[in-house]
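Residues per chain are reported as follows:
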Amino acid sequence: MISLSGFGQEPADLRAAMLQAMTSVVDSHHYILGHEVDNFEAAWAAACGTQYAVGVGNGMDALELALRASGVGPGDEVVTTAMSAAATVLAIIRAGATPVFADIDSETGLLSRESVLRCIGPRTKGILPVHLYGQLRDMKEWLALSSEHGLVLVEDCAQAHLAKEGDRVAGSFGSASAFSFYPTKNLGAVGDAGAVVTNNPEIAESVRRARNYGQSRQYAHDDFGVNSRLDELQAALLSVRLRWLTAFTRRRRELASLYREVLKGTNVGLMSLPPDPEGHVFHQFVITTEFRDELRSFLHSRQIPTLIHYPTPLHHQPPFRSFKADPRGLHWAEKHAATCLSLPCHPQLSDSDVITVAEAVAEFSK
Ligand SMILES: *Cc1c(COP(=O)(O)O)cnc(C)c1O
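Every value quoted in this text rests on a predicted model; they were computed, and no experiment measured them.

> I'd like to hear about the overall build of the protein chain, residue by residue, with values.
Each helix and strand in the protein chain was counted, giving 11 helices and 14 strands. Computed over the C-alpha atoms, the radius of gyration of the protein chain is 20 Å, within 12% of the 21 Å expected from 2.2 N^0.38 for a compact globule of 366 residues. C-alpha extents for the protein chain along the principal axes are approximately 65 × 55 × 35 Å. In the protein chain, buried positions account for 55% of the 366 residues. Once local pairs closer than 6 in sequence are excluded, the contacts in the protein chain between residues at least 24 apart make up 70%. Accessible area for the protein chain stands at about 15,600 Å²; split by element, carbon and sulfur atoms hold 51% of it.

> I'd love a proper account of helix α2 (residues 35–48), names of residues and values included.
Compared with the 20 Å implied by 1.5 Å per residue over 14 residues, the 20 Å span of α2 between its first and last C-alpha is a close match. For α2, the set of buried residues is Glu36, Val37, Phe40, Glu41, Trp44, Ala45 and Cys48. Across the axial projection of α2, the buried residues extend over an arc of 155°, all falling on one side. Exposed residues on α2 whose side chains face more than 90 degrees from its buried face are Ala42 and Ala46. Looking one or two places after α2, you find glycine 49, whose phi comes out positive at around 70°.

> Before we move on, could you go through the packing of helix α1 (residues 12–28) against helix α8 (residues 232–263) and cite the residues and values that matter?
The N-to-C vectors of α1 and α8 enclose an angle of 160°; their axes lie 8 Å apart at closest approach. It follows that α1 is roughly antiparallel to α8 by the angle criterion. For the pair α1 and α8, the sense of crossing is right-handed. On α8, the residues touching Asp13, Leu14, Ala17, Met18, Ala21, Met22 and Val25 of α1 are Glu232, Leu233, Ala236, Leu237, Val240, Arg241, Arg243, Trp244 and Phe248. Classifying every residue of the contact of α1 with α8 by side-chain character gives 12 nonpolar, no polar and four charged.

> Which residues make up the packing of helix α9 (residues 292–301) against helix α11 (residues 351–365), and what are the values?
For the pair α9 and α11, the least separation of the axes is 10 Å and the interaxial angle reads 130°. With respect to α11, the element α9 is oriented oblique. The crossing of α9 and α11 is right-handed. Facing Glu294, Leu295, Phe298 and Leu299 of α9, the residues of α11 in contact are Val357, Ala360, Val361, Glu363 and Phe364. Looking at side-chain class alone, the contact of α9 with α11 contains seven nonpolar, no polar and two charged residues.

> Describe the sheet that holds strand β14 (residues 340–343), and please don't skip the residues or the numbers.
Across the sheet, three strands lie side by side as β12-β13-β14; this open sheet has antiparallel pairing. Looking at the sheet topology across the chains shown, the edges are occupied by β12 (271–272) and β14. Summarising the sheet, strand β13 (residues 285–289) and β14 pair through four bridges and their orientation is antiparallel. Each bridged residue has a counterpart across the sheet, and for valine 286 the counterpart in β14 is serine 342.

> I'd love a proper account of the pairing of strand β2 (residues 77–81), names of residues and values included.
By the criterion of burial, β2 is predominantly enclosed, with five of the five residues buried. Of the two faces of β2, both are covered, the one formed by Glu77, Val79 and Thr81 as well as the one formed by Val78 and Thr80. Sheet topology note: the β2/strand β3 (residues 98–102) ladder contains five bridges and is parallel. What sits directly across from valine 79, in β3, is valine 100. Following the chain from β2 across helix α4 (residues 86–94) to the adjacent parallel β3, one finds a crossover that is right-handed. Here β2 runs beside strand β4 (residues 124–128); their pairing, made up of four bridges, is parallel.

> Can you tell me about the site of the ligand, naming the residues and giving the values?
The ligand sits among 15 residues. The nearest are Gly59, Met60, Asp156, Ser180 and Lys185. The contact in question runs from an oxygen atom of the ligand to an N or O atom on the backbone of glycine 59, over 2.7 Å. A distance of 2.9 Å separates an oxygen atom of the ligand from a polar side-chain atom of glutamine 159. Surface burial for the ligand is 88%, taken as the share of its 380 Å² of free accessible area covered by protein chains. The set of elements that each furnish at least two residues to the shell around the ligand consists of α3 (59–69) and α4. Across the shell around the ligand, the residue classes break down as seven nonpolar, six polar and two charged.

> Any chance you could break down the nonpolar core for me, citing the residues and the numbers?
Formed by 40 residues in total, the largest nonpolar core has its most connected members in Tyr259, Phe285, Ile287, Leu299, Leu343 and Val361. For leucine 299, the residues in contact, after removing those within four places along its chain, are Ile304, Thr306, Leu341, Leu343, Val357, Ala360 and Val361. In this structure, Ala53, Cys157, Phe181 and Ala189 belong to the second largest nonpolar core, which totals 38 residues.

> How would you explain the side chain of arginine 252 if you had to name every residue and give the values?
With respect to the helices, strands and loops of the structure, arginine 252 is situated in helix α8. Within the buried set, arginine 252 has no salt-bridge partner at all; the shortest N-O distance to an opposite charge, 8.0 Å, is to glutamate 10. Those residues in contact with arginine 252, other than ones at most four positions away along the chain, are Lys185, Asn186, Val281, Phe282, His283, Cys345, His346 and Pro347.

What counts, and at which threshold
- Residues numbered from 1 in each chain as written.
- Predicted model: local features only at pLDDT ≥ 70, side-chain atom pairs only at ≥ 80, totals over all residues.
- Heavy atoms only, no water.
- Helix = DSSP H or I, 4+ residues; strand = E, 2+ residues; numbered from the N terminus.
- Rg over C-alpha atoms; globule rule 2.2 N^0.38 Å.
- Buried < 20%, exposed > 50% of the residue type's maximum accessible area, 1.4 Å probe, protein only.
- Contact = heavy atoms within 4.5 Å.
- Areas by Shrake-Rupley, 256 points an atom, 1.4 Å probe, with all protein chains shown as cover.
- Expected span 1.5 Å × (residues − 1).
- Arc of directions from axis to C-beta.
- Axes fitted to C-alpha atoms, helices over the stretch in contact; angles between N-to-C directions.
- Parallel < 35°, antiparallel > 145°, perpendicular 65-115°, else oblique.
- Left-handed = near helix turned anticlockwise from the far one by under 90°.
- Nonpolar A, V, L, I, M, F, W, Y, C, P; charged D, E, K, R; others polar.
- Pairing = 2+ DSSP bridges.
- Right-handed = clockwise from strand over helix to strand, strands pointing away.
- Near = heavy atom within 4 Å.
- Polar contact = N/O pair within 3.5 Å; in protein donor to acceptor, adjacent residues only side chain to side chain.
- Core = buried A, V, L, I, M, F, W, Y, C linked by side-chain atoms within 4.5 Å.
- Lys, Arg positive; Asp, Glu negative; His and termini not counted.
- Salt bridge = Lys/Arg side-chain N within 4 Å of Asp/Glu carboxyl O.

Right under this line is the structure:
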């Protein structure tokens, strides 16, 4: 059975290490903001090549707190993509700011620079690119564009754990960057979890206070805050799972190459394969085809599950319809939403699973 998560097929030694970590937290009798969180934060900052990581409750909170700590607030606009999880836009709204939707690049599905330039106005305060599907692109150009316009750059890294451009890792470019450790992400907890990474000590401190009611120390409330702490239990599990992440990431890249190899002979007029830059971590392996819905039904009839990321671009979702968008429209985001299909892609798939899926796609294409 080919599954979408692979949780049932994880290595036995990973499972044993996770159970041991859980037992140790339960027996420690210390469940909130202790050394497991400190240890994971240090390990995650090191993995991202940043000075600081601050664990929070989930990815959406990480985005909100990263934006707030970067100085985004009421009256500000933040330009982002319509091809993302709703959490990206909800976090902007929760920070008190207003999202503005820019279109995507037709090849990568990532935020389009030309479109962002059309969306920048007198109230624009920040740009929020999403490293969709695990790919990191043009970060030097984004940094240059942001500084030229006096904007903050906050990265949504929820799909891009350990993704790289050159030798720099996702999360190390923006003023602050947000990670989700939702279970199905490349690094996932056993429940909800997230983190903000940054090189700025003031931003790190600000997020540290904000996640814990705005306290600088117990009962000293310096800022407005929320309750968005990372649990000791999730932190301990994340530290264990982090030890497998490099191998799992390598495996995702291998599977993507295998898909590419089997699918390279198929009719490209009908279908396009995802780009494959070196640092892509393939959170998803996404193809596009005009016959997406037919292909999806065909694969399902063969017991091959698929997903769509995302079927409706965010500017068409009812609560977000009134927000501003690129005056030229969001043609590519709409086209992508109508044609994209995420094939199974997780580190527990075998070579023969991927060959089965790819051959079914090839067969359909005929
Ligand atoms: C998963 C995800 C989020 C939200 O993370 P949660 O932990 O579920 O709050 C935000 N942005 C993107 C791009 C995501 O994929």
